[in-house]
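# Fold and contact review
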Amino acid sequence: KLSEKWVSRSGVVLRFTASQSWVQVFEFGMEYAAVIADPSLLYFLSFAGVCRLLTTCRALHRRSRQEKWKQICLARGQLTPQERRQYWIFASGANHLPAALGFASLSECFAVLSRRDLPEATLSIISRDVHRTFPVREEFKEGGLGQSSLHKVLVALAAAAPGVGYCQGMNYVVATALLHLDFELAAAFGVSLAILMCYDFGSLFAPAVPRLHIRVSQFVHLLQSVSPRLAAHVHVTADALAQQWILTLGVYAVEPDAVVNMWDLFFSTGWKTIFRGGVSLLQRLENVICSEDPDDVAILLHRNRRETFQRVAGSRQQFSKILVDSLSLKITNGSLDVLAARYERTRLLQFVDMLDGTSPPSDGLRCRIALGLEFRSTPALMAASLDGFLCQGDTLRVDRSRLVTVNRPKRLGGQRMPGFEDQGGFIEVPLADLVALKKRLALMESETSQGVREFEGQIHALEKNRLASRQAQQRLESLKSDAERKWGKKTECMEVLHRAVTQGNAANEDRSKLQSEVTSAEQDFFAAKARYQDFLSKYRCPLDRAAELNEAKTHKIRQLHALVSGLQQRKDALLDKVLQGCRVEMDG
């Protein structure tokens, strides 16, 4: 039966009966009742079934958020291929892209953009990378459907985001989308464009890859926090590995068929899923990597990466288990924001530190900022993009949009899709102000250093005083312990003395009692002795006569015994004679 409590607490029966049969409503009620009884049955449902269950009551929805039901279901691969197309389009925000670009549908948008003309250099790069994408897979072999579809989608992407253009790595992302969307070009184009626009991928693929170094810094820092031993062993190749993992959304190391569950999670939770998957994958290989020589790690993780990663993530089930375990890692969007802000602050301080008081810097000055970025300045114009910094003339222009990373998916909601050249504008700061600020910072640093030294001297003196007071306190505690020990001994002696006095008093009382008893016994003895003397004096003559009579009696008894003995002997002699006479007669 359908539970009356379930029917009363949810309007899901009324909502479903309009389009579903009563048999389907009944089955859905049984799913709900079964999951309430045993939450482990949740993992036998599809992702759509789990989402339907969460609409039944607030308590169940709150419990699902606490226990991460949806994330676990996506990581375990409970999103069916039939549900994936619709889920990717709606979860990524691709359904809002046509309106943002001024088109009615994704099909129309793709059809128009795929026919636009691009520069020959861009087309040649796209054609070259198309032939390099998954060459061993049947779908992407020479002249196949995969290569032509991939080329069309990449051209449409480059046309839709002219500020980004085409960058190596897009081909793997688009090819993976095509594989899991059954080569539906419009859907693959929409999902890929949503990744660029809504997940901050555009700033990774834009010229000079302005935001890639922030993502790499986040990845390396998270790897150090999770496994310091592994991070120390791969520190030389960690940046290159992180770049490839991030730019290809994991396809660089894991097969497209196995990485699909991570993409499902990525569309739901954002960048933390990519970091969790990469860090957990390397953590599984920690023993293998650390057993290799540091010089051979690059060969292990790059040239032989497929064989290396297939040891622990060779199939979709193995990588799904890694994703489920990675959900326990404490990686949040807030922590990623903190790491990005820390990286930007470090870069800005490095930029300010390299100023030498001239504006602009002298000709031929070469400066290196952050992770290998360089620029060359001239007296007339210093213009170079320093990962969000632009020096032009005597002014530093900071790209406002590139100072904040997007860790959660942005929802366009029908708004106009901004280009990468007009996202937020610039913050202009005169270099002279930066030089003055640097001088003030240097003066402040010297004053701070002097204050620190004085403070250290005070701390040293306080430390001496604290040490002396600690020694005095230790001596006081020693004296106190000695006094307590002596007081304890005195208390023990007083107790022993008290017990001895008590026992002495008791012994005196016993002695007095014993003395009185002895005196009483002596008096009784003398009284008995007197009575005995009186008895002897009164009865002495009768007693003597009784003794004489007793002796006479004893003599008579002895005589009688002698007489009886003689008679017995005579009797025996007589009997012997008679017996002897009888034997003679019998012999005769």
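What you see is a predicted model; the values in this text were computed from it and never measured.

## Looking at the overall build of the protein
When helices and strands are counted, the protein shows 25 helices and five strands. Taking as baseline every contact in the protein between residues at least 6 positions apart, the subset at least 24 positions apart corresponds to 71%. Here the protein has roughly 34,000 Å² of accessible surface; of this, 56% comes from carbon and sulfur atoms.

## Focus on the layout of surface pockets
Space inside the largest pocket adds up to approximately 320 Å³. Forming the walls of the largest pocket are 13 residues, and the residues nearest its centre are F47, Q86, Y87, F90 and A91. Of the residues assigned to the lining of the largest pocket, the class counts are eight nonpolar, two polar and three charged.

## Thoughts on the packing of helix α15 (residues 212-226) against helix α19 (residues 271-284)
Taken N-terminus to C-terminus, the directions of α15 and α19 make an angle of 45°; their axes are 10 Å apart at the nearest point. As far as their axial angle goes, α19 and α15 are oblique. Judged by the twist between their axes, the crossing of α15 over α19 is right-handed. Contacts from R215, Q218, F219, L222, L223 and V226 in α15 reach W271, F275, G278, V279, L282 and Q283 in α19. For the contact of α15 with α19, a count of residues per class yields eight nonpolar, three polar and one charged.

## Considering the packing of aromatic side chains
Applying the stated criterion to the full structure yields 17 aromatic pairs. When the ring of Y199 is compared with that of F266, the centres are 4.6 Å apart and the planes differ by 35°; the resulting orientation is tilted. Taken together, the positions of Y199 in the loop between α13 (185-198) and α14 (202-205) and F266 in helix α18 (residues 256-269) put the pair 67 residues apart, joining distant regions of the chain. Here Y199 falls in the buried class, since its relative accessible area comes to 1%.

## Overview of the nonpolar core
In terms of nonpolar packing, the biggest core is built from 112 residues, with F189, F201, W245, W263, F267 and F319 touching the most fellow members. Take this core: its biggest share by element is 12 residues, from α13. Excluding anything up to four places from it in sequence, W245 contacts F219, G250, A253, V254, M262, I274, G277, G278, L281 and F319. Within the second largest apolar cluster, five residues are counted, among which are L53, C57, L60 and W69.

## So, the packing of helix α12 (residues 170-180) against α13
Put simply, α12 and α13 touch, their axes get as near as 9 Å, and they point 135° apart. Put simply, α12 runs oblique to α13. With respect to the hand of their crossing, α12 and α13 are arranged in right-handed fashion. Of the residues in α13, those touching α12 at M170, V173, V174, A177 and L178 are L185, A188, S192, I195 and L196. Partitioning the contact of α12 with α13 into residue classes produces nine nonpolar, one polar and no charged.

## Topic: the environment of A231
Examined against the element boundaries, A231 turns out to sit in helix α16 (residues 228-233). For A231, a relative accessible area of 8% translates into the label buried. Sequence separation between A231 and C290 is 59 residues, and the spatial gap between their C-alpha atoms is 9.7 Å.

## Considerations on unusual backbone geometry
Within the chain, D182 stands out as a residue other than glycine whose phi angle is a positive 55°. Tracing the chain through its elements places D182 in the loop between α12 and α13. Positioned with a positive phi, F183 is a non-glycine residue whose angle comes to about 55°. Here F183 is to be found in the loop between α12 and α13.

Cut-offs and rules
- Residues numbered from 1 in each chain as written.
- Predicted model: local features only at pLDDT ≥ 70, side-chain atom pairs only at ≥ 80, totals over all residues.
- Heavy atoms only, no water.
- Helix = DSSP H or I, 4+ residues; strand = E, 2+ residues; numbered from the N terminus.
- Contact = heavy atoms within 4.5 Å.
- Areas by Shrake-Rupley, 256 points an atom, 1.4 Å probe, with all protein chains shown as cover.
- 1 Å grid on protein atoms, 1.4 Å probe; cavity = no way out; pocket = protein on both sides within 12 Å on 5 of 7 lines; lining within 4 Å.
- Points joined across faces, edges and corners; volume = space filled by probe spheres on them.
- Nonpolar A, V, L, I, M, F, W, Y, C, P; charged D, E, K, R; others polar.
- Axes fitted to C-alpha atoms, helices over the stretch in contact; angles between N-to-C directions.
- Parallel < 35°, antiparallel > 145°, perpendicular 65-115°, else oblique.
- Left-handed = near helix turned anticlockwise from the far one by under 90°.
- Phe/Tyr/Trp six-rings, centres within 6.5 Å; stacked < 30°, edge-to-face > 60°.
- Buried < 20%, exposed > 50% of the residue type's maximum accessible area, 1.4 Å probe, protein only.
- Core = buried A, V, L, I, M, F, W, Y, C linked by side-chain atoms within 4.5 Å.

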